Amino acid sequence: MFYQAELDFLLSILHKLHLQAQLLTPETQPEHPLDFGLRAFLGRSDEYRLALEHFSHWCRPNTICKTTDNYGCSYISLLLPDTPGPTALIIGPYTSEIPDRGQLLEAAERLSIPPRDFSQLEKYYSNVPVMTDESVLFSILNTFAERIWGSGTAYEIVDINQELSDPFVPLPNAVRDSPAELLMNMQVMEQRYAFENELIRTVSQGLVHRAEQMVSNFSQMSFEQRMGDPVRNIKNYSIICNTILRKAAEQGGVHPVYLDSVSSDFAHRIEAVRSVRSGQEMLAEMIRSYCRLVKKHSTRQYSAMVQRTIAYIDSDLSADLRLQTLAQLQNINASYLSTLFKKETGQTVTDHINIKRMEHAAYLLQATRLQVQSIAQHCGISDANYFSKLFKKHTGMTPVEYRTRMDSNL
């Protein structure tokens, strides 16, 4: 092979990373069990043998394939070029994190492993390498792939989880749904897609009341079961929803500066879901949040300049928000920005800023015990006396009177 030296070097690096790497052909048996013997331990050797007979299902030309099996272990496969017969480099297993005892107990229950064998399962996972940052591994593989396939555009990297639920369980090709079952599945999918399309329309228009009605349907919806773990299914669907809701809110005129924060927050919360019920509750909250985001921050009726100005003001009320500064940020004339802003919003830039600052001040007075001076600074006003006068002008009460009124209403 013209790349033998590079292959030897790659195998050496993988060995240093404690990653198992084997060369496999359809005619040969792997020197060591690809799964470290897990399926043999579970009495599921048939799964393993069947996968080896379907070599072509999980190796493709000019492709780095990655998949994570139902046991939480990841594998990477490359079909090597310029070999006498189909030869694949199989890397793995490895995990992205060290599972804690609670996760292992849940895995044991899902895999029907009796308590007497739990210690063996712990021992198995303790021997599986952990790659908390896969970027290093894929940087190495990308370099190798460019060498064996010619360039960075001559190959692709794919995750085949959606095509194979387990790299050691090939897709069935003999099982077919009956016509009645197929029709029923089509109807279920049509209903789900119709629900999602209606959801996009609802969020893009900021219709909170309609979103509230749709939330009640979540407990009745049948989510597509792409994986055996129902919690993983609700997480996967939540990831999809987070994406389409973000796009819906963007269509509704919400600037990305707001969307990124909300989307990132839900992305972290999705992975913390531990039950189907908590996942459904979070999905309902996700819908409401994006809908309220459109209701509060939609600027689709404004020009791009005014949209950016409003977004910058909202992003930090304590910043330098003078008209000249706001204009310089966009390389436009201050007078032009002032005229355009008043024409489109009906407010001067200064009035809009003051309204936003007083709204934020009212929130801080009610939600925190910060001193009035501190609240004034958080709102971008250094003079506490001026702040108090401005607050009274907008609310009819001084900050102290407003806080007292709010406290009495609790």
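Nothing here was measured: the structure is a model prediction, and the numbers come from that model.

Definitions and cut-offs
Residues numbered from 1 in each chain as written. Predicted model: local features only at pLDDT ≥ 70, side-chain atom pairs only at ≥ 80, totals over all residues. Heavy atoms only, no water. Helix = DSSP H or I, 4+ residues; strand = E, 2+ residues; numbered from the N terminus. Buried < 20%, exposed > 50% of the residue type's maximum accessible area, 1.4 Å probe, protein only. Contact = heavy atoms within 4.5 Å. Areas by Shrake-Rupley, 256 points an atom, 1.4 Å probe, with all protein chains shown as cover. Phe/Tyr/Trp six-rings, centres within 6.5 Å; stacked < 30°, edge-to-face > 60°. Salt bridge = Lys/Arg side-chain N within 4 Å of Asp/Glu carboxyl O. Polar contact = N/O pair within 3.5 Å; in protein donor to acceptor, adjacent residues only side chain to side chain. 1 Å grid on protein atoms, 1.4 Å probe; cavity = no way out; pocket = protein on both sides within 12 Å on 5 of 7 lines; lining within 4 Å. Points joined across faces, edges and corners; volume = space filled by probe spheres on them. Nonpolar A, V, L, I, M, F, W, Y, C, P; charged D, E, K, R; others polar. Axes fitted to C-alpha atoms, helices over the stretch in contact; angles between N-to-C directions. Parallel < 35°, antiparallel > 145°, perpendicular 65-115°, else oblique. Pairing = 2+ DSSP bridges.

Asks: Can you walk me through the overall build of the chain in this structure?
Replies: Across its full length, the chain holds 18 helices and five strands. Residues counted as buried form 41% of the 410 residues belonging to the chain. Taking the intrachain contacts of the chain between residues at least 6 apart in sequence as the baseline, contacts between residues at least 24 apart amount to 66%. Per element, the accessible surface of the chain, about 22600 Å² overall, is 52% carbon and sulfur.

Asks: What is the right way to read the packing of aromatic side chains from this model?
Replies: The description of two aromatic rings rests on the distance between their centres and on the angle between their planes. Taken as a whole and assessed by the stated rule, the structure comprises eight aromatic pairs. When the ring of Y124 is compared with that of Y125, the centres are 5.2 Å apart and the planes differ by 80 degrees; the resulting orientation is edge-to-face. Summarising the burial analysis for this pair, Y124 and Y125 share the class buried. Note on F387 and F391: the rings are 6.1 Å apart at their centroids and 40 degrees apart in plane angle, and the pair reads as tilted.

Asks: Please clarify how the pattern of salt bridges should be interpreted in this entry.
Replies: Pairs can form between side chains of opposite charge once their charged atoms are near each other. Per the counting criterion, the structure on display carries 13 salt bridges. For R147, the salt bridge goes to E6, with nearest N and O atoms at 2.7 Å. With a gap of 141 residues between them, R147 in helix 6 (residues 134-149) and E6 in helix 1 (residues 4-16) connect regions that are remote in the sequence. A salt bridge links D320 to R322, with the nearest nitrogen and oxygen atoms 2.8 Å apart. A relative accessible area of 57% places R322 in the exposed class. Three or more residues joined by partner-sharing salt bridges are found here, namely D35, R39 and D69.

Asks: In this structure, what is going on with the side chain of T63? I would like to understand it.
Replies: Structurally, T63 is set in strand 2 (residues 63-68). In this structure the side chain of T63 is engaged in a polar contact, spanning 2.8 Å, whose partner is the backbone oxygen of P61. T63 has contacts with S77, L78, L79, W149, E156 and V158, leaving out every residue within four places of it along the chain.

Asks: Just to check I follow, could you spell out the layout of surface pockets for this structure?
Replies: Space left empty within the atom packing is revealed by a probe, the size of a water molecule, rolled over the atoms. Roughly 450 Å³ of volume is contained in the second largest pocket. Considering the residues around the second largest pocket, the lining is formed by 13 residues, among which K296, H297, D314, L317 and H360 are closest to the centre. Counting residues per element, the ones that place at least two in the lining of the second largest pocket are helix 11 (276-297), helix 12 (304-315) and helix 15 (349-367). Ranked by residues supplied to the lining of the second largest pocket, first place goes to helix 15 with four residues. Residues belonging to the lining of the second largest pocket are distributed by class as follows: three nonpolar, five polar and five charged.

Asks: Sorry if this is basic, but what is going on with unusual backbone geometry here?
Replies: Among all residues save glycine, negative phi is the norm, and among peptide bonds the norm is trans. Omega for the bond connecting G92 with P93 falls within 30 degrees of zero, at 10 degrees, which places this linkage in the cis form. As for its placement among the helices and strands, P93 is situated in strand 4 (residues 87-94). One non-glycine residue with positive phi stands out, namely D82, at about 60 degrees. On the secondary structure map, D82 appears in the loop between strand 3 (74-80) and strand 4. We note that N331 has phi near 55 degrees; this positive angle belongs to a residue other than glycine. Relative to the helices and strands, N331 resides in the loop between helix 13 (323-329) and helix 14 (334-345).

Asks: Could you clarify how one ought to interpret the packing of helix 10 (residues 256-271) against helix 11 in this entry?
Replies: Two quantities define a packed helix pair, namely the angle between the axes and the distance from one axis to the other. Across the interface, helix 10 lies against helix 11 with an axial gap of 11 Å and an inter-helix angle of 175 degrees. When the interaxial angle is binned, helix 10 and helix 11 end up roughly antiparallel. For the pair helix 10 and helix 11, the contacting residues are Y258, L259, V262, S263, F266, R269 and I270 in the first and M282, E285, M286, S289, Y290, L293 and H297 in the second.

Asks: Explain the pairing of strand 3 here, please?
Replies: Here is the key point about a regular strand: its side chains alternate between the two faces of the sheet. Along strand 3, seven of the seven residues are buried, which leaves the element largely enclosed by surrounding structure. Relative to strand 3, strand 2 runs antiparallel, the two being bridged by five bridges. Following the sheet pairing, K66 is matched in strand 3 by I76. Remark: five residues form the turn of the hairpin made by strand 2 and strand 3, two consecutive strands paired antiparallel; G72 in that turn has positive phi of roughly 80 degrees. Linking strand 3 back to strand 4 in an antiparallel pair, the connection comprises six residues, with D82 at a positive phi of about 60 degrees.

Asks: Before we go on, may I ask you to explain the packing of helix 1 against helix 6 in this structure?
Replies: Where helix 1 contacts helix 6, the two axes come as close as 11 Å, and the packing angle between them is 170 degrees. One element, helix 1, and the other, helix 6, form an angle in the roughly antiparallel class. Counting all contacts with helix 1, which are made through E6, L7, L10, I13 and L14, the residues of helix 6 involved are L137, I140, L141, F144 and R147.

Asks: Even after reading the chapter, I still don't get the sheet that holds strand 3, so can you show me in this structure?
Replies: Sheet strands pair via backbone hydrogen bonds, and the direction of the pair is either parallel or antiparallel. One open sheet holds the five strands; their spatial order is 1-4-3-2-5, and the pairing between them is mixed. Looking at the sheet topology across the chains shown, the edges are occupied by strand 1 (21-24) and strand 5 (156-159). Across the sheet, the mean angle separating the axes of adjacent strands is 20 degrees when strand polarity is ignored. Of the strand pairs in this sheet, strand 1 and strand 4 are connected by four bridges, and their pairing is antiparallel. Within the sheet, the bridge partner assigned to A21 lies in strand 4 and is I91. Contacting strand 2, strand 3, strand 4 and strand 5, helix 6 runs over the sheet at an angle of about 10 degrees to strand 3.

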